[in-house]
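# Close look at the chain arrangement
The residues making up each chain are set out below.
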Amino acid sequence: IVDRVVVEARPAALLALAGAPGVAVVRPDWSSGHLAGPGGARHGPLAVPPSDVAAPLGERFRSWAVDAIGAPALWSRGLDGTGVVVAAIDTGVYAEHEQLAGRMAGGGRGWYDPVRAAERPYDSHGHGTSVLSEAVGGNPSGRVVGVAPGATWAMALGNFRNLYSRSRMTLAADWILRVARPDVLVNAWSHDEGACGTFDLAFIDAWKASGIFVVFPAGNAGPGAGTGESPADLGGAYPDGRPVFSVGGLAPDLAPHSESSRGPSRCGSAGFPRVAAPGASLPFAFPPAPDNYGTGDGTSLAAGVVGGAAALLLQADPELSPDEIEDVLRATARDAGAPGEDAATGAGLIDLPAALAEVRRLQSRRSRRSEPR
C-alpha cells in the first residue's frame, strides 16, 4: 500500500539498512501508550462499561440512531446493504455474536490478525465488535442496532488491545487494500503521537484512490475548541486535498455530545468535523456471548453509523465514488447544533432519505450523459 517495509532486526543490521541505497528513512515502531480509540488517555472509546448496562436493554430494543438518520425509509425500499462489504480496522471482532454471525466475507477476505496469526476471529478488547455492529448489525429478533443489516463485513486487527502501533497499522492497511477490498472502511481509532501526524495519510489516500469510502471518528476530547485527533483532523487527502472524512457525535436530543471533539482543525483541514451522527446512548453488540449487549457513548460509534449509511447508498448506486458519497452526505445533512456549518457537527446530521434522493439525481444525470447523441 505504501513504500514501507516492516523489519525486525538487531541494531547493527538496522544501521546497515539505514545506509543502503533506496532507503529514505528508518522509523521506530512507535506504539500508543494508552487507549487508541478517539479520546486517547482522557476518555475511553466507550464511556459506559458495557457489562453494567447489558441487562436493562431487555429482549427487544431499538437504537435511536437508525430512526434519527432515516434508515428505515431505505430499508422499506429494499436497501439494507446487501452486496456491499464494510470493513473495519479495530481491536478485532467477536464473529459469533448474533448481530454479526454468518456475514463475514469469504475467500480469506474477512479476517486478518497480524499479532497472533489466528485463523478464527477474536476481539482483543470489545471495541471492534461494538463499532462494527453499529454499521452492519443484522438486527435479529427485534434487537435493532445496525444501519446496514444485509451487508457483509471484514475486520483487520490493527489495534491489538486498543493500542495503535505503526507496524500493525501498516500491515492491516495493506491487507485491507490488497485482500479485503471493501467498499466501506470504518477507522474508529486515533493516536497520541502529537498533533497532525501524517504517517497514516498515505494509507487513506491509497484506500480512496482504489474506490473505498473511508470514515473516521472526530474524537472524544471535547467540548473544547480545537480538540480533534489525528488522522481525523488532517487535510490534504486524495484526490483534491480535501479533509479526511470525520464524524462528530450527537446526543439523543440531537445536540452535540459533550465529549465529541470540536474544530477548528489544528492541521489545516477546512471544516472539521465533516458531518455528525448519533454517538451517545447507543446499544451495541459486545463479547463474550452471542446475545450480550451494552450501551455507551463515543464518536467511534458515530463513525460506525456513517459506515452503515454509506453501505446503503452504495447498494442504491454501486458506481458512487468515495468523494461523491462524502459530498452527498454533506450536501443533504440536516442542521444540528449551531445554525449553519459549525465546529461541533460540521454540515449537520446525516439524512439518508435526502441523501438517497440526491443519489438518484446523480444517477439520472449520469444516465443522460451516457445516452448517444
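Residues numbered from 1 in each chain as written. Predicted model: local features only at pLDDT ≥ 70, side-chain atom pairs only at ≥ 80, totals over all residues. Heavy atoms only, no water.

## Thoughts on the overall build of the chain
On a plain count of helices and strands, the chain comes out with 9 helices and 11 strands. Taking 2.2 N^0.38 as the reference for a compact globule, 373 residues should give roughly 21 Å; the C-alpha atoms of the chain span a radius of gyration of 20 Å, in line with that estimate. Projected onto its principal axes, the C-alpha coordinates of the chain cover approximately 65 × 60 × 45 Å. In the chain, which comprises 373 residues, the proportion classed as buried is 58%. (Helix = DSSP H or I, 4+ residues; strand = E, 2+ residues; numbered from the N terminus. Rg over C-alpha atoms; globule rule 2.2 N^0.38 Å. Buried < 20%, exposed > 50% of the residue type's maximum accessible area, 1.4 Å probe, protein only.)

## A few points about helix α8 (residues 322-331)
Counting buried residues in α8 gives 7 out of 10 residues, a clear majority hidden from the surface. Listing the buried residues of α8 in full gives P322, D323, I325, E326, V328, L329 and R330. Buried residues belonging to α8 abut α6 (201-209), β7 (213-217), β9 (275-278), α7 (299-316) and α9 (352-370). (Contact = heavy atoms within 4.5 Å.)

## Quick word on the environment of E371
If you trace the backbone, E371 turns up in the segment after α9. For the pair E371 and G241, spaced 130 residues apart in sequence, the C-alpha separation works out to 32 Å.

## A word on the pattern of salt bridges
Following the criterion strictly, the structure yields 17 salt bridges and no others. In this structure, the salt-bridge partner of R242 is D323, at a minimum N-O distance of 3.5 Å. On the criterion of sequence distance, the pair formed by R242 in the loop between β7 and β8 (246-250) and D323 in helix α8 is long-range, its members being 81 residues apart. D323 sits in the buried class, given a relative accessible area of 15%. With a shortest N-O distance of 3.8 Å, E319 and R366 are connected by a salt bridge. With E319 in the loop between α7 and α8 and R366 in helix α9, the pair connects residues that are 47 residues apart, well separated along the chain. Residue E319 is classed as exposed on the basis of its relative accessible area of 55%. (Salt bridge = Lys/Arg side-chain N within 4 Å of Asp/Glu carboxyl O.)

## Overview of the pairing of strand β2 (residues 85-90)
Of all the 6 residues making up β2, 6 are buried; the element is thus mostly covered by neighbouring parts of the structure. Side chains V85, A87 and I89 project from β2 onto one buried face, and the interleaved V86, A88 and D90 project onto a second face that is buried too. As defined by bridge partners, β2 adjoins strand β5 (residues 152-157) across 6 bridges and the pair is classed as parallel. Pairing of A88 across the sheet is with M155, part of β5. (Pairing = 2+ DSSP bridges.)

## Notes on the confidence of the model for the chain
In the predicted model, the chain carries a mean pLDDT of 91, and 93% of its residues have values of at least 70. With pLDDT under 50 throughout, residues 34-55 is counted as low confidence; its partners more than four residues away or in other chains account for 74 contacts. (pLDDT = per-residue confidence, 0-100.)

## Considerations on the packing of helix α5 (residues 166-180) against α6
It is the contact of α5 with α6, at a shortest axis distance of 10 Å, that shows an interaxial angle of 5 degrees. Between α5 and α6, the angle is such that the two are roughly parallel. Within the contact between the two elements, α5 uses M169, T170, A173, I176 and L177 and α6 uses F203, A206 and W207. Of the residues belonging to the contact of α5 with α6, the class tally is 7 nonpolar, 1 polar and no charged. (Axes fitted to C-alpha atoms, helices over the stretch in contact; angles between N-to-C directions. Parallel < 35°, antiparallel > 145°, perpendicular 65-115°, else oblique. Nonpolar A, V, L, I, M, F, W, Y, C, P; charged D, E, K, R; others polar.)

## Here we look at the side chain of D317
Among the secondary structure elements, D317 is positioned in the loop between α7 and α8. At 3.0 Å, the side chain of D317 and the side chain of R366 are in polar contact. Those residues in contact with D317, other than ones at most four positions away along the chain, are V359, Q363 and R366. (Polar contact = N/O pair within 3.5 Å; in protein donor to acceptor, adjacent residues only side chain to side chain.)

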